[in-house]
Amino acid sequence: MCLCILYIYRTPDTYTRTAKVIIDESDQDATLRSIGALTGGAAGISGNTSVANEMQALASPDLMRDVVERLHLETGYVEEQLLREVELYTDTPVEMRLAGDNPQSSFSFTVSNAGEERIVLSGFKVGADGDILDEEIECAFRDTVHTPAGRLVLYPTNKVDNFVNDITVRWSNSSSVAKNIGRRLSITHPGKESTVVQLSLEDVFPTRASDILSALIDIYNEEWVRSRNEAARNTS
């Protein structure tokens, strides 16, 4: 019983969010139109491709990589709490940005609050098989810091007043993150006569799932417009 309770305590809930896409092939020159929102609504996509092609395009790893980069999902923030790690997403008190070329496929480190707008970076691990380094770096928020993972900048967020526990920052390249999200993305088509495609995504944060689906549809629409305009220029 104790082990069961511990497992439930340590395992976060998983939520599913859904978006519906209407494939409108009735007018090849129609402009894109949005007819709803996530979960219960739908977003319209116009074009002259088949539903199967639309589904394949929506599942494209390149498209999901663009989503990851737009939403800055390469970086995750985890707070160490009693007996478990808690991912923070929008509740993180700190935010990291790369300040130069970082060729590593992944890295992680710990951020501690040193007070007076200063922080300590430690426990650097570069690469999946890298060792945890002993180096500690004290700096201020907004400083450009040279670290074993490359040049980084850390910013306080509007949650910085809650910065008490150490935060583990984990970064992976956008292709790896996109691949991970793609495993949790389901794209289904209810039947041959239907022009509706349903996108479903599982995530521990329902808001992140909704953000990803919304960005996926937005970027797809943008790519469709770009391709259409490029084709028009080539034929003019």
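Shown above is the structure to which this text applies.
Residues numbered from 1 in each chain as written. Predicted model: local features only at pLDDT ≥ 70, side-chain atom pairs only at ≥ 80, totals over all residues. Heavy atoms only, no water.

A.B. asks: Before we go on, may I ask you to explain the pairing of strand β9 (residues 144-147) in this structure?
C.D. replies: As a general feature of sheets, a regular strand has side chains that alternate between the two faces. Side-chain alternation along β9 places V145 and T147 on a buried face and T144 and H146 on a face that remains uncovered. Here four bridges tie β9 to strand β10 (residues 150-156), and the two strands are oriented antiparallel to one another. Looking across to β10, one finds that T144 is bridged to V153. Taking the residues between adjacent antiparallel strands as the criterion, β9 and β10 are bridged by two residues. (Buried < 20%, exposed > 50% of the residue type's maximum accessible area, 1.4 Å probe, protein only. Helix = DSSP H or I, 4+ residues; strand = E, 2+ residues; numbered from the N terminus. Pairing = 2+ DSSP bridges.)

A.B. asks: Help me understand the side chain of S108 in this model?
C.D. replies: The residue S108 is located in strand β6 (residues 106-115) in this model. Excluding its chain neighbours within four sequence positions, the residues that come into contact with S108 are G123, F124, K125, V169 and R170. (Contact = heavy atoms within 4.5 Å.)

A.B. asks: Explanation requested: the environment of P148 in the structure shown.
C.D. replies: Along the chain, P148 turns up in the loop between β9 and β10. Counting along the chain gives 23 residues from P148 to K125, while the straight-line C-alpha distance between them is 8.2 Å. Those residues in contact with P148 that lie beyond four places of it in its chain are Q104, F124, V126, L133, E135 and I137.

A.B. asks: I would appreciate a short explanation of the pattern of salt bridges in the present structure.
C.D. replies: Two side chains with opposite charge may pair up if their charged atoms get near one another. Here the structure, examined in full by the defined rule, presents 10 salt bridges. Note that R70 and E222 form a salt bridge whose closest N and O atoms lie 2.7 Å from each other. Note that R70 is positioned in helix α3 (residues 61-71) and E222 in helix α5 (residues 206-235), a separation of 152 residues in sequence. Residue classification places R70 among the partly exposed residues on the basis of a relative accessible area of 41%. For E138, the salt bridge goes to R118, with nearest N and O atoms at 3.1 Å. Of this pair, E138 sits in strand β8 (residues 137-140) while R118 sits in strand β7 (residues 118-126), placing them 20 residues apart in sequence. R118 sits in the partly exposed class, given a relative accessible area of 31%. Among the charged side chains, a salt-bridge network with shared partners connects E87, R184, D203 and R208. (Salt bridge = Lys/Arg side-chain N within 4 Å of Asp/Glu carboxyl O.)

A.B. asks: Just checking my understanding: could you explain the packing of α3 against helix α4 (residues 174-183) for this structure?
C.D. replies: When two helices pack together, their arrangement is given by the angle between the helix axes and the distance between those axes. Their axes nearest at 8 Å, the elements α3 and α4 cross at an angle of 110°. With respect to each other, α3 and α4 are oriented roughly perpendicular. By crossing handedness, the relation of α3 to α4 is classed as right-handed. Together, P61, M64, R65, V68 and E69 of α3 and S174, S175, V177, A178 and I181 of α4 make up the contact between the two elements. The residue inventory of the contact of α3 with α4, partitioned by class, reads six nonpolar, two polar and two charged. (Axes fitted to C-alpha atoms, helices over the stretch in contact; angles between N-to-C directions. Parallel < 35°, antiparallel > 145°, perpendicular 65-115°, else oblique. Left-handed = near helix turned anticlockwise from the far one by under 90°. Nonpolar A, V, L, I, M, F, W, Y, C, P; charged D, E, K, R; others polar.)

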